[in-house]
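Reading the structure
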Amino acid sequence: MSVNYSERIPNNVGLSENRRLQRALEAWQPNYMRWWQELGPEGALDYDVYLRTAISVETDGWANFGYVKMPDYRWGIFLARPEEGRTIAFGDHRGEPAWQEVPGEYRSSLRRLIVTQGDTEPASVEQQRHLGRTCPSLYDLRNLFQINVEEGRHLWAMVYLLHAYFGRDGREEADAMLERHAGDPDKPRILGAFNEPTPHWLAYFLFTYFTDRDGKYQLASLAESGFDPLARTCQFMLTEEAHHMFVGETGVMRIIQRTCEVMRELQTDAPERLRAAGVIDLPTLQRFLNFHYSVSLDLFGQELSTNGATYFTTGLKGRYHETRIADDHCLANATWPVLVPQGSAIVREEQPALLAINERLRDDYIVDCQRGLNRWNKEIEKHGVDMVFNLPHRAFHRRIGMFADVHVSPDGRMVTADEWARQAHQWLPTPEDHAFVASLMQPVTAPGKMASWIAPPARGIHGKSIEYEYVRFH
Ligand SMILES: [Fe+2]
Ligand SMILES: [Fe+2]
């Protein structure tokens with residue numbers, strides 16, 4: 001299934017055979033381009049960036065690398081190959097053929113799911129738009145831009161569904177995607193974490209590790225959807241998401257490596273000495289980790305959710321790897337353990353599995369997050385440094401769900417408001433932490449050179465050396 005690049009909008013959905021849809025999307029395209037110019041990567045319109053472009057949805061379809069000016073990136077519409085005879089894998093419609101059109105009774109729920117997912121995509125581009133000014137290397141700058149253009153493409157993916165399947169309200173929702181903006185007090189993005197600023201590269205690497213990983217879990221459960229076009233769109237988006245999380249994981253790893261090297265050189269773990277030497281001390285890194293992890297946990301929503309249950313029973317949104325789970329895929333009588341606050345304790349309660357569908361996805365996510373920490377901790381150990389990164393307790397610093405109104409320490413103790421106020425500076429980044437990290441953010445743009453606070457990557461991109469000129473300025 002190769003992609004037709006001769007069209008204004010590259011696609012593998014036969015767009016030229018649907019003139020009405022093609023015209024509607026071609027009318028949206030200039031608005032998108034205007035948005036990219038105004039709120040996409042700042043000052044970078046004219047750079048030549050060594051980017052990867054999808055030319056087909058097959059595994060070898062990624063082989064296309066070359067210099068592109070970002071506004072010339074061929075944003076397009078790609079769906080994974082259809083699965084012959086696909087049936088709905090879960091819920092009340094289990095075993096029925098997957099829907100090729102939107103079922104009337106689920107129209108507004110489905111639209112809400114697509115809009116909520118779609119809204120996060122341009123949001124992250126907006127959040128990251130100033131980072132190019134302070135890149136730690138050309139390699140990192142290129143990866144930032146690669147992620148940005150792909151998030152732009154993810155917006156296209158959702159906008160295509162809205163235009164193709166939701167008529168007039170779909171078109172209005174597509175327009176609104178470009179009207180809400182990250183952190184805008186009047187028209188904010190839909191979800192909290194997508195209104196937080198990404199003020200520096202440490203925040204960015206943790207965002208791509210933790211928040212893009214939420215994206216992975218949302219997309220994976222939408223990839224199970226009974227609405228086949230949504231499932232196929234999300235399957236393809238997941239292949240792009242993997243790279244974003246790679247950037248996050250290796251970015252944090254390289255920061256840790258650099259810090260540990262300097263700790264050994266100076267024979268110290270004193271934060272002030274390490275900071276003076278231009279690296280980020282590990283306790284500061286842990287505080288930022290605590291922040292990004294906890295705001296990303298909120299993205300999974302309420303622990304017990306009737307919406308979540310409805311999305312599942314109606315076949316709109318499945319569980320992670322739904323088809324690999326060995327159960328009845330209806331969850332009529334099943335239960336799921338959920339942690340809840342009770343007095344001054346946190347206790348485990350068996351709850352209806354249907355209501356706990358969000359919590360189950362959060363559980364899967366937490367396991368996945370821990371894997372990266374294990375690898376980071378191995379790196380620390382390799383340097384003989386005595387420190388371990390921990391994921392804070394899931395109840396820590398939550399704004400959504402049953403723990404939103406209580407204070408919980410990173411190790412999972414309910415604490416009083418007083419204790420929280422006394423200790424929070426050890427648990428979450430302080431204004432001084434932010435100021436210190438911001439002070440490190442001096443741009444490094446000579447090929448192969450790295451900022452003081454980050455080690456070089458293990459290898460370059462697509463067989464190129466680390467010294468390759470991944471971005472050319474003019
Ligand atoms: Fe995305
Ligand atoms: Fe992403």
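Higher on the page you've got the structure.
Not measured: the values here are computed from a predicted model.

**Comments concerning helix 11 (residues 417-427)**
Along helix 11, the positions that sit buried rather than exposed are Glu 419, Trp 420, Ala 424 and Trp 427. Viewed end-on, helix 11 has its buried residues packed into an arc of 130 degrees, placing them on one side of the element. Residues of helix 11 that are exposed and point more than 90 degrees away from the buried face comprise Asp 418, Ala 421 and Arg 422. Turning to helix 11, the residues buried within the fold contact helix 8 (282-298), strand 5 (407-408) and strand 6 (414-415).

**Looking at empty space enclosed by the protein**
Summed over all chains, the structure comprises 1 cavity of 30 Å³ or more. What lines the largest cavity is simply Gln 127, Ala 193, Glu 196, Pro 197, Phe 207, Thr 211, Phe 291, His 292 and Val 295. When contributions to the lining of the largest cavity are tallied by element, the ones reaching two or more residues are helix 5 (201-222) and helix 8. Per-element accounting of the lining of the largest cavity gives the leading share, 3 residues, to helix 8. When its residues are assigned to classes, the lining of the largest cavity shows 5 nonpolar, 3 polar and 1 charged.

**Observations regarding the sheet that holds strand 7 (residues 471-472)**
Strand order across the open sheet formed by 3 strands is 2-1-7, with antiparallel pairing between neighbours. With partners counted over all chains shown, the strands left at the sheet margins are strand 2 (64-69) and strand 7, one partner each. With 6 bridges connecting them, strand 1 (residues 48-53) and strand 2 associate as antiparallel partners. Across the sheet, residue Arg 52 finds its bridge partner in strand 2, namely Phe 65.

**Some details on the coordination of the iron ion (ligand 2)**
Distances from the iron ion (ligand 2) to its protein donors, Glu 151 (OE), Asp 212 (OD), Glu 241 (OE) and His 244 (ND1), fall within 1.8 to 2.2 Å. Counting the intervening residues between successive donors of the iron ion (ligand 2) yields the motif E-x60-D-x28-E-x2-H.

**Description of the nonpolar core**
Residues Phe 210 and Trp 453 are the most contacted members of the largest nonpolar core, which totals 108 residues. Broken down by element, the residue count for this core peaks at 15 residues, all from helix 3 (residues 138-165). Ranked by size, the runner-up nonpolar core spans 13 residues in total, among them Ala 193, Phe 194, Trp 427 and Leu 428.

**Concerning the layout of surface pockets**
A volume near 930 Å³ is recorded for the largest pocket. Only helix 2 (107-127), helix 5, helix 8, helix 9 (306-313) and helix 10 (357-382) provide two or more residues apiece to the lining of the largest pocket. The element that contributes the greatest number of residues to the lining of the largest pocket is helix 5, accounting for 8 residues. Empty space within the second largest pocket amounts to approximately 290 Å³. The wall of the second largest pocket is formed by 14 residues, among which Ala 223, Glu 224, Gln 235, His 321 and Thr 323 lie closest to the centre. Elements with a contribution of two residues or more to the lining of the second largest pocket: helix 5 and helix 6 (228-266). Considering only residue class, the lining of the second largest pocket consists of 5 nonpolar, 4 polar and 5 charged.

**A few points about a positive patch on the surface**
Together, Arg 19, Arg 20, Arg 23 and Arg 171 make up a positively charged patch on the protein surface. Among the elements that make up the positive patch, the one with the highest residue count is helix 1 (residues 19-39) (3 residues). Relative to the helices and strands, Arg 19 resides in helix 1. The class of Arg 19 is exposed, set by a relative accessible area of 53%.

**Things to note about helix 1**
Compared with the 30 Å implied by 1.5 Å per residue over 21 residues, the 30 Å span of helix 1 between its first and last C-alpha is a close match. Looking only at helix 1, the buried set comprises Leu 21, Gln 22, Leu 25, Glu 26, Trp 28, Gln 29, Tyr 32, Met 33, Trp 35 and Trp 36. Buried residues along helix 1 sit in contact with helix 2, helix 3 and helix 4 (167-176).

**Here we look at the coordination of the iron ion (ligand 1)**
Surrounding the iron ion (ligand 1) are the protein donor atoms Glu 121 (OE), Glu 151 (OE) and His 154 (ND1), at 2.0 to 2.2 Å. Linear spacing of the donor residues for the iron ion (ligand 1) on their chain is E-x29-E-x2-H. Separating the iron ion (ligand 1) from the iron ion (ligand 2) is a gap of 3.4 Å, which Glu 151 spans by donating to each of them. Of this pair, Glu 121 sits in helix 2 while Glu 151 sits in helix 3, and the two are 30 residues apart along the sequence.

**Digging into the packing of aromatic side chains**
Evaluation of the coordinates by the stated rule reveals 36 aromatic pairs. Aromatic pair Trp 35 and Trp 36: ring centres 6.1 Å apart, planes at 70 degrees, arrangement edge-to-face. When its relative accessible area of 1% is taken as the criterion, Trp 36 is described as buried. Aromatic pair Phe 396 and Trp 427: ring centres 6.4 Å apart, planes at 80 degrees, arrangement edge-to-face. Taken as a pair, Phe 396 in the loop between helix 10 and strand 5 and Trp 427 in helix 11 lie far apart in primary sequence, 31 residues in all. Put simply, the rings of Tyr 209, Phe 210, Tyr 217, Tyr 293, Phe 300, Tyr 320, Tyr 365 and Trp 376 touch in pairs and so form one group of aromatic residues. Looking at Arg 213, its charged tip hangs above the ring of Tyr 209, at a distance of 4.1 Å from the centre. Lying across the ring of Tyr 468, Lys 464 places its NZ or CZ 5.3 Å from the centre.

**What to know about the pattern of salt bridges**
Inspection of every chain in the model, using the stated rule, returns 36 salt bridges. In this structure, Arg 213 and Asp 368 form a salt bridge, with 3.1 Å as the shortest nitrogen-oxygen distance. Here Arg 213 is found in helix 5, whereas its partner Asp 368 is found in helix 10, with 155 residues between them in sequence. Accessibility assignment for this pair places Arg 213 and Asp 368 in one class, buried. Between Arg 319 and Glu 322 there is a salt bridge; the shortest N-O distance is 2.6 Å. Taken individually, Arg 319 and Glu 322 each receive the classification buried, so the pair is uniform in this respect. Among the charged side chains, a network of salt bridges with common partners joins Arg 107, Arg 111, Asp 169 and Glu 173.

**Brief notes about the pairing of strand 3 (residues 335-342)**
Of the strand pairs in this sheet, strand 3 and strand 4 (residues 345-352) are connected by 8 bridges, and their pairing is antiparallel. Within the sheet, the bridge partner assigned to Val 340 lies in strand 4 and is Val 347. Hairpin connection from strand 3 to strand 4: 2 residues lie between these consecutive antiparallel strands, with Gly 343 at a positive phi of about 60 degrees.

What counts and what doesn't
Residues numbered from 1 in each chain as written. Chains lettered and ligands numbered in written order. Predicted model: local features only at pLDDT ≥ 70, side-chain atom pairs only at ≥ 80, totals over all residues. Heavy atoms only, no water. Buried < 20%, exposed > 50% of the residue type's maximum accessible area, 1.4 Å probe, protein only. Helix = DSSP H or I, 4+ residues; strand = E, 2+ residues; numbered from the N terminus. Arc of directions from axis to C-beta. Contact = heavy atoms within 4.5 Å. 1 Å grid on protein atoms, 1.4 Å probe; cavity = no way out; pocket = protein on both sides within 12 Å on 5 of 7 lines; lining within 4 Å. Points joined across faces, edges and corners; volume = space filled by probe spheres on them. Nonpolar A, V, L, I, M, F, W, Y, C, P; charged D, E, K, R; others polar. Pairing = 2+ DSSP bridges. Donors = N, O, S within 2.8 Å, 3.2 Å for Na, K, Ca; no water. Core = buried A, V, L, I, M, F, W, Y, C linked by side-chain atoms within 4.5 Å. Patch = residues over 30% accessible without salt bridge, like charges linked within 9 Å, V, L, I, M, F, W, Y side chains within 5 Å. Areas by Shrake-Rupley, 256 points an atom, 1.4 Å probe, with all protein chains shown as cover. Salt bridge = Lys/Arg side-chain N within 4 Å of Asp/Glu carboxyl O. Lys, Arg positive; Asp, Glu negative; His and termini not counted. Charge placed at Lys NZ, Arg CZ, Asp CG, Glu CD. Expected span 1.5 Å × (residues − 1). Phe/Tyr/Trp six-rings, centres within 6.5 Å; stacked < 30°, edge-to-face > 60°. Lys NZ or Arg CZ within 6 Å of the ring centre and 35° of its normal.

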